Amino acid sequence: MTKIVGLIGHPLGHSLSPLMHNAAFKELGLDFEYKLFDVSLNELAQKVKELRGKKFAGFNITIPYKEKVMELIDEVVENAKVIGAVNTIVNDNGKLIGYNTDGPGFVESLRDDAGVNPQGLNAVVLGAGGASRAILVTLAEEKANSIIVTDIDQEKASQLAQYVGSYFNVQVKSVKPDSRELQAALDNANLLINATPIGMHPHENTSPLSDKIQLAPELIVYDLVYNPYSTKLMKRSKNSVSGLGMLVRQGALAFTLWTGREAPVKLMHETAFAAL
Ligand code: NAP
């Protein structure tokens, strides 16, 4: 019986996940298929119940259900609990276990695509939404030295900084966007991460950072946006990394959780890149 996996969210748009996962299943000769399940909030509980069936190996969960789904499953692993969101579910004989592969996927991409280890780094993160939270928690777990977060909603940034600072032994604080404090943080940083949607297609000409803010030439710029592959922000640095790497790594980690096999990361990356 073909094992089914897939993506639950709403709206799903042009997800790259089916292409990259189905290419990987084919490459490894696995009888699996990745499907899209665009479900409304009213349908979510029923859909998750269906997941317990034998033919389902598990699922990915995306916006807007990464938090909501936690109350519908049986177990949530520790790092997903701390992040407060689940993006991958494994169906273990009817028992649903929730994971978060976004943060670990980001760190794997940072290591593989930028050749950088998060330990001891000074990072600045733009945006304090769901993706930012996964990244802050993972950077803290990986023993980053300091994390500065900024968001147009300053209260949101401040709350995220307080939350992560209360959990981990890391210097973490929030600053105002486009402020002198942000400039000072960037002058001291090794890594700048865009965890806002600013710069995404069809708004390629926008940037989450004003031109008034200076960036040192050696600063590594990691943009979670992957469409376009190279954003306006990334073009300000010679050391820039596209969020496609994170998308592929979070998918590869989910692939391994479902199949028990190492994912063909290079093929998944090539497939997703070709589809962009
Ligand atoms: P989100 O929950 O909407 O968070 C984005 C946050 O950034 C919001 O709080 C937003 O504030 C804030 N923001 C917007 N413009 C800003 C600016 N100029 N400066 C500072 N903060 C600003 O979204 P998310 O789920 O975290 O996702 C963020 C981005 O990451 C999206 O583009 C998503 O596609 C991408 N992503 C990529 C991957 C990957 O694998 N590469 C994985 C996850 C997410 P408001 O709400 O007030 O606008």
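Source: prediction; values computed, not measured.

### A few points about the side chain of Thr138
Working step 1: Among the structural elements, Thr138 can be located in helix α5 (residues 130-141).
Working step 2: For Thr138, a relative accessible area of 2% translates into the label buried.
Working step 3: When residues no more than four places from it in sequence are discounted, the contact partners of Thr138 are Ile83, Gly103, Pro104 and Val107.

### Observations regarding the UniProt feature "active site" (unreviewed entry) in the chain
Working step 1: Here, the residues flagged by UniProt with the feature "active site" (unreviewed entry) are Lys66.
Working step 2: Among the structural elements, Lys66 can be located in the loop between β3 (58-61) and β4 (75-76).

### What about the nonpolar core?
Nonpolar side chains tend toward joint burial in soluble globular proteins.
Working step 1: The biggest cluster of nonpolar side chains holds 35 residues, and the ones touching the most others in it are Phe106, Ile147, Val164, Ile193 and Tyr222.
Working step 2: Where this core is concerned, the elements lending two or more residues are α3 (78-83), α4 (102-114), β7 (122-126), α5, β8 (146-150), α6 (154-167), β10 (191-194) and β11 (220-223).
Working step 3: With six residues, the top contributor of residues to this core is α5.
Working step 4: For this core, the two domains that each supply at least three residues are domain 1 (3-100 + 246-275) and domain 2 (115-238).
Working step 5: If sequence neighbours within four positions are ignored, Ile147 has contacts with Ala123, Val125, Leu136, Leu139, Ala140, Val170, Gln171, Val172 and Lys173.
Working step 6: With 22 residues, the next largest nonpolar core counts Leu7, Ala24, Trp258 and Ala272 among its residues.

### Regarding the UniProt feature "binding site: shikimate" (unreviewed entry) in the chain
Working step 1: The residues that UniProt annotates with the feature "binding site: shikimate" (unreviewed entry) are Ser15, Leu16, Ser17, Thr62, Asn87, Asp102, Tyr226 and Gln250.
Working step 2: Mapping Asn87 onto the fold places it in the loop between α3 and β5 (88-92).
Working step 3: If sequence neighbours within four positions are ignored, Asn87 has contacts with Phe59, Asn60, Ile61, Lys66, Tyr99, Asn100, Thr101, Asp102 and Gln250.
Working step 4: Among the structural elements, Tyr226 can be located in the loop between β11 and β12 (239-242).
Working step 5: By relative accessible area, which is 29% here, Tyr226 ends up partly exposed.
Working step 6: Those residues in contact with Tyr226, other than ones at most four positions away along the chain, are Leu16, Ser242, Gly243, Leu244, Leu247 and Leu276.

### Some points on the packing of α4 against α5
Working step 1: Interhelical geometry of α4 versus α5 gives an angle of 65° and a closest axis separation of 8 Å. You can see that α4 and α5 cross each other, and the crossing is right-handed. Across the interface between the two elements, Asp102, Gly103, Pro104, Phe106 and Val107 from α4 touch Ala134, Ile135, Thr138 and Leu139 from α5.
Working step 2: Across the contact of α4 with α5, the residue classes break down as six nonpolar, two polar and one charged.

### Quick notes on the site of the ligand
Working step 1: Close to the ligand lie 21 residues, the nearest being Ala131, Asp151, Lys156, Leu224 and Gly243.
Working step 2: Lys156 is positioned such that a nitrogen or oxygen atom in its side chain is 2.7 Å from an oxygen atom of the ligand.
Working step 3: For the ligand, an oxygen atom lies 3.2 Å from a polar atom in the backbone of Leu247.
Working step 4: When the ligand sits alone it has 910 Å² of accessible area, and the protein chains cover 74% of it.
Working step 5: Within the residue set of the shell around the ligand, elements represented by two or more residues are α5 and α8 (244-259).
Working step 6: Here the shell around the ligand is composed, by residue class, of 13 nonpolar, six polar and two charged.

### Focus: a nonpolar patch on the surface
Working step 1: On the surface, a nonpolar cluster with roughly 270 Å² of combined accessible area is contributed by Tyr229, Phe273 and Leu276.
Working step 2: The class of Phe273 is partly exposed, set by a relative accessible area of 44%.

### Here's the deal with the domain arrangement of the chain
Working step 1: For the chain, the assigned domains read domain 1 (3-100 + 246-275) and domain 2 (115-238).
Working step 2: One C-alpha centre belongs to domain 1, the other to domain 2, and the line joining them spans 26 Å.
Working step 3: Each partner contributes to the interface: domain 1 provides 10 residues, whereas domain 2 provides 13 residues.
Working step 4: For the pair domain 1 and domain 2, the summed buried area comes to about 910 Å², and 68% of that belongs to carbon and sulfur atoms.

The rules behind these values
- Residues numbered from 1 in each chain as written.
- Predicted model: local features only at pLDDT ≥ 70, side-chain atom pairs only at ≥ 80, totals over all residues.
- Heavy atoms only, no water.
- Helix = DSSP H or I, 4+ residues; strand = E, 2+ residues; numbered from the N terminus.
- Buried < 20%, exposed > 50% of the residue type's maximum accessible area, 1.4 Å probe, protein only.
- Contact = heavy atoms within 4.5 Å.
- UniProt positions renumbered as here; feature names shortened; annotations may be inferred.
- Core = buried A, V, L, I, M, F, W, Y, C linked by side-chain atoms within 4.5 Å.
- Domains from an automatic or database assignment.
- Axes fitted to C-alpha atoms, helices over the stretch in contact; angles between N-to-C directions.
- Left-handed = near helix turned anticlockwise from the far one by under 90°.
- Nonpolar A, V, L, I, M, F, W, Y, C, P; charged D, E, K, R; others polar.
- Near = heavy atom within 4 Å.
- Polar contact = N/O pair within 3.5 Å; in protein donor to acceptor, adjacent residues only side chain to side chain.
- Areas by Shrake-Rupley, 256 points an atom, 1.4 Å probe, with all protein chains shown as cover.
- Patch = residues over 30% accessible without salt bridge, like charges linked within 9 Å, V, L, I, M, F, W, Y side chains within 5 Å.
- Salt bridge = Lys/Arg side-chain N within 4 Å of Asp/Glu carboxyl O.
- Buried area = accessible area lost by both parts, 1.4 Å probe.

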